[in-house]
Amino acid sequence: MAVSFLAAQVFSLQQAPAARDRTVAITLQQAEERFLKNNLQLLAARFNIDAAKAAVVQAELLEQSKYFNRQNAYNKFTKRYFDVTKTGNTDIQLQQLILLAGKRDKQNPAGRDQFADRENSFYDLLRALKF
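Here is what the cut-offs are and how they apply
- Residues numbered from 1 in each chain as written.
- Predicted model: local features only at pLDDT ≥ 70, side-chain atom pairs only at ≥ 80, totals over all residues.
- Heavy atoms only, no water.
- Helix = DSSP H or I, 4+ residues; strand = E, 2+ residues; numbered from the N terminus.
- Contact = heavy atoms within 4.5 Å.
- Areas by Shrake-Rupley, 256 points an atom, 1.4 Å probe, with all protein chains shown as cover.
- Expected span 1.5 Å × (residues − 1).
- Buried < 20%, exposed > 50% of the residue type's maximum accessible area, 1.4 Å probe, protein only.
- Arc of directions from axis to C-beta.
- Polar contact = N/O pair within 3.5 Å; in protein donor to acceptor, adjacent residues only side chain to side chain.
- Core = buried A, V, L, I, M, F, W, Y, C linked by side-chain atoms within 4.5 Å.
- Patch = residues over 30% accessible without salt bridge, like charges linked within 9 Å, V, L, I, M, F, W, Y side chains within 5 Å.
- Salt bridge = Lys/Arg side-chain N within 4 Å of Asp/Glu carboxyl O.
- Phe/Tyr/Trp six-rings, centres within 6.5 Å; stacked < 30°, edge-to-face > 60°.

(A) Local environment of the overall build of the chain. Scanning the chain from terminus to terminus reveals 4 helices and 4 strands. Starting at the N terminus, the α and β elements of the chain follow one another as α-α-α-β-β-β-β-α. Partitioning the intrachain contacts of the chain with sequence separation of at least 6 by distance along the chain shows that 62% fall at a separation of at least 24. Entry remark: accessible area of the chain is about 11700 Å², with carbon and sulfur atoms responsible for 58%.

Structure below.
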């Protein structure tokens with residue numbers, strides 16, 4: 001019994017694959033590329049730069065007009081649905097924001113400054129993490 005157990009152990013050791021070295025050899029440049037690609041702080045800083053770019057573009061755009069319409073579905077006094085006559089209750093409102101005294105021109109440089117600040121903070125973070 002003991003001989004068969006010993007023979008089974010020797011047989012199983014002969015069939016086991018040799019343990020391979022699973023370390024990965026990469027160059028310093030490859031390691032830096034992986035670090036820059038997968039670092040969460042750098043990804044967040046890149047998204048902040050994109051958000052600042054969007055704010056600059058948005059500051060250059062004009063405000064859109066806003067239209068509001070409010071109407072009762074049923075007028076209980078005239079007993080009509082969607083009553084648009086003189087006796088019905090319909091409110092229509094149109095709004096347009098008008099900026100005076102050059103306020104629109106002052107919004108854009110503020111957005112550009114914020115974009116530059118976020119871009120500089122990204123490069124500061126990148127330099128700090130590399131070194």
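(B) Geometry of helix α3 (residues 40-60). Its 21 residues give α3 an end-to-end C-alpha distance of 31 Å, which sits within 8% of 30 Å, the value for a rise of 1.5 Å per residue. Listed in full, the buried residues belonging to α3 are L42, A45, I49, A52, V56 and A59. In a view along the axis of α3, the buried residues occupy a sector of 100°, so they form one face of it. Residues of α3 that are exposed and point more than 90 degrees away from the buried face comprise L40, F47 and Q58. Looking at where α3 begins, the residue whose side-chain oxygen comes 2.9 Å from the main-chain nitrogen of Q41 is N39.

(C) Representation of the nonpolar core within the structure. Ranked by size, the top nonpolar core spans 6 residues in total: L36, L42, A45, I49, F122 and L126. Of all the secondary structure elements, the ones that give two or more residues to this core are α3 and α4 (103-130). With 3 residues, α3 is the largest single contributor of residues to this core. What L42 contacts, discounting residues up to four positions off in sequence, is L36, F122, L125, L126 and L129.

(D) Local environment of the side chain of N39. Inspection of the secondary structure assignment puts N39 in the loop between α2 (28-38) and α3. Here N39 falls in the buried class, since its relative accessible area comes to 13%.

(E) Here's a closer look at a nonpolar patch on the surface. On the surface, a nonpolar cluster with roughly 390 Å² of combined accessible area is contributed by Y67, I92 and L94. For I92, the location among the structural elements is in strand β4 (residues 90-95). We classify I92 as exposed; its relative accessible area is 60%.

(F) Structural view of the pattern of salt bridges. Applying the stated criterion across every chain, the model contains 2 salt bridges. D124 is the partner of R127 in a salt bridge, and the nearest nitrogen-oxygen pair spans 2.5 Å. Taken together, the residues R127 and D124, both in helix α4 and 3 residues apart, mark about one turn of the helix. In this structure D124 comes out as partly exposed when scored by relative accessible area, which is 40%.

(G) Seen up close, the packing of aromatic side chains. Enumeration according to the criterion identifies 2 aromatic pairs in this entry. With a centroid separation of 4.8 Å and an interplanar angle of 50°, the aromatic rings of Y74 and Y81 are classed as tilted. Summarising the aromatic geometry, the rings of F122 and Y123 are spaced 5.1 Å apart at their centres and angled 65° between planes, so their arrangement reads as edge-to-face. Note on F122: relative accessible area 7%, which makes it buried.

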